[in-house]
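Reading the structure
Each chain, written out:
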Amino acid sequence: MTERDSDGTALDLRLFRVIRNMVKVLYENIERDIDSYGLSMETFQIMELLYSKGPHPIQKISDTLSIPSGSITYVVDKLEKKGLVQRLPIPGDRRKSNVTLTEGGKSYFDDIFPRHAQTISDNLSFVTDEEKLQLIDLLKKIGFGIRDR
């Protein structure tokens with residue numbers, strides 16, 4: 001190690017580049033997979049949230065996925081026209097509604113989600129389960145450290 005990087009800066013920069021490049025390649029592959037189903041990333045994220053977590057108000061979808069509420073409304077409108085989601089009134093609050101998958105939307109996601117999950121598994125198959133658990137712990141440690149600074 002040279003005096004210039006004796007503080008670990010060079011290693012930190014290398015680690016950052018490796019993480020950035022890995023995430024870029026991983027996301028490109030995942031986006032290609034999502035595109036193959038004829039869905040945009042936002043559309044897929046909304047459908048996956050509803051599929052996994054059940055009905056949500058638009059504002060909660062927006063907050064959870066960090067997508068502006070105007071974009072969420074537009075995507076939900078398009079999904080509703082395709083018969084994949086529906087808005088159901090929230091009892092006691094006439095101004096709000098929950099967005100939920102229709103039977104057709106659930107059936108569609110029942111078909112594509114296992115294939116999508118397999119694509120993710122294929123992309124992460126280069127490390128063992130033990131290494132994945134170590135990586136999860138390390139990435140959480142970095143994330144929480146940054147957040148709690």
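All of these numbers come straight from a predicted model, not from anything done at the bench.

1. With respect to the pattern of salt bridges
Scanning the model with the defined rule gives seven salt bridges in all. Lysine 106 serves as the salt-bridge partner of aspartate 110, at 3.3 Å between the closest nitrogen and oxygen. Within this pair, aspartate 110 and its partner lysine 106 are both found in helix H5 (residues 103–123), separated by four residues, close to a single helical turn. Take aspartate 110: its relative accessible area is 35%, and that puts it in the partly exposed class. With relative accessibility at 39%, the residue lysine 106 sits in the partly exposed group. Measuring nitrogen to oxygen at the nearest pair gives 2.9 Å for the salt bridge that ties aspartate 148 to arginine 147.

2. Some words on the packing of helix H2 (residues 41–53) against H5
The N-to-C vectors of H2 and H5 enclose an angle of 105°; their axes lie 11 Å apart at closest approach. One finds that H2 runs roughly perpendicular with respect to H5. Of the residues in H5, those touching H2 at Phe44, Met47, Glu48 and Tyr51 are Gly105, Lys106, Tyr108, Phe109, Asp110, Ile112, Phe113 and His116. Residue composition of the contact of H2 with H5, by class: seven nonpolar, two polar and three charged.

3. Considerations on the side chain of threonine 102
Position of threonine 102 relative to the elements: it lies in the loop between strand E3 (93–101) and H5. Among the polar contacts listed, one links the side chain of threonine 102 to the backbone nitrogen of glycine 105, at a separation of 3.0 Å. With residues up to four places along the chain from it excluded, the contact list for threonine 102 reads Gly83, Leu84, Val85 and Gln86.

4. Some details on the sheet that holds strand E2 (residues 85–90)
Sheet architecture is open: three strands sit in the order E1-E3-E2, paired in antiparallel fashion. Here the strands that pair on one side only, and so sit at the sheet edges, are strand E1 (56–57) and E2. Note that E2 and E3 share six bridges and pair antiparallel. Bridging across to E3, leucine 88 finds its partner in asparagine 98.

5. Here's the deal with the layout of surface pockets
Counted as a void, the largest pocket has a volume near 500 Å³. Contributing to the lining of the largest pocket are 18 residues, with Met22, Leu26, Leu124, Leu135 and Leu139 lying nearest its centre. Among the secondary structure elements, those contributing two or more residues to the lining of the largest pocket are helix H1 (9–36) and helix H6 (129–147). Examining the composition of the lining of the largest pocket, we find that eight residues originate from one element, H1, more than from any other.

6. Examining the packing of H1 against H5
H5 packs onto H1 with a crossing angle of 160° between their chain directions and a minimal axis gap of 10 Å. Classified by the angle their axes make, H1 and H5 are roughly antiparallel. Relative to H5, the crossing made by H1 is right-handed. Where H1 approaches H5, its residues Leu26, Asn29, Ile30, Asp33 and Ile34 are matched on the opposing element by His116, Thr119, Ile120 and Asn123. Within the contact of H1 with H5, the residues separate by chemical class into four nonpolar, four polar and one charged.

Basis of the calculations
Per-chain numbering applies: the sequence of each chain, read as written, is numbered from 1 onward. Per-residue local features are limited, in this predicted model, to residues with pLDDT of at least 70; the limit for side-chain atom pairs, both in listing and counting, is 80 or more; totals at the level of whole chains, interfaces and linings are taken over all residues. Each side-chain value is derived from all of the structure's non-hydrogen atoms; neither hydrogens nor water enter the calculation. The rule for a salt bridge is simple: a side-chain nitrogen of Lys or Arg has to be within 4 Å of a carboxyl oxygen of Asp or Glu. Going along the chain from the N terminus, every DSSP run of H or I of four or more residues is numbered as a helix, and every run of E of two or more is numbered as a strand. To sort residues, take the accessible area from a 1.4 Å probe on protein chains only and compare it with the maximum for the residue type: under 20% means buried, over 50% means exposed, and anything in between is partly exposed. Fitted lines through C-alpha atoms serve as axes, helices being fitted only where they are in contact, and the angles separating the N-to-C directions of these axes extend from 0 to 180 degrees. Here roughly perpendicular refers to angles of 65 to 115 degrees, roughly parallel to angles under 35, roughly antiparallel to angles over 145, and oblique to all remaining angles. Contacts are assigned to residue pairs that have any heavy atoms within 4.5 Å of one another. Each residue gets one of three labels, nonpolar for Ala, Val, Leu, Ile, Met, Phe, Trp, Tyr, Cys and Pro, charged for Asp, Glu, Lys and Arg, and polar for the others, Gly among them. Under the rule applied, a polar contact is a pair of N or O atoms within 3.5 Å (in protein, one hydrogen donor and one hydrogen acceptor; residues adjacent in sequence only if both atoms are side-chain atoms). A pair of strands counts as paired when DSSP detects no fewer than two bridges linking them. For cavity detection a 1 Å grid was placed over the protein atoms alone, and a set of points counts as a cavity when a 1.4 Å probe fits there but cannot get out; an open set counts as a pocket when protein lies on both sides within 12 Å along at least five of seven lines, with lining residues being those that have an atom within 4 Å of a point. Grid points are joined across faces, edges and corners, and a volume is the space filled by probe spheres set on the points. Two helices cross in a left-handed way if the nearer one is turned anticlockwise from the farther one by less than a right angle. They cross in a right-handed way if the turn is clockwise.

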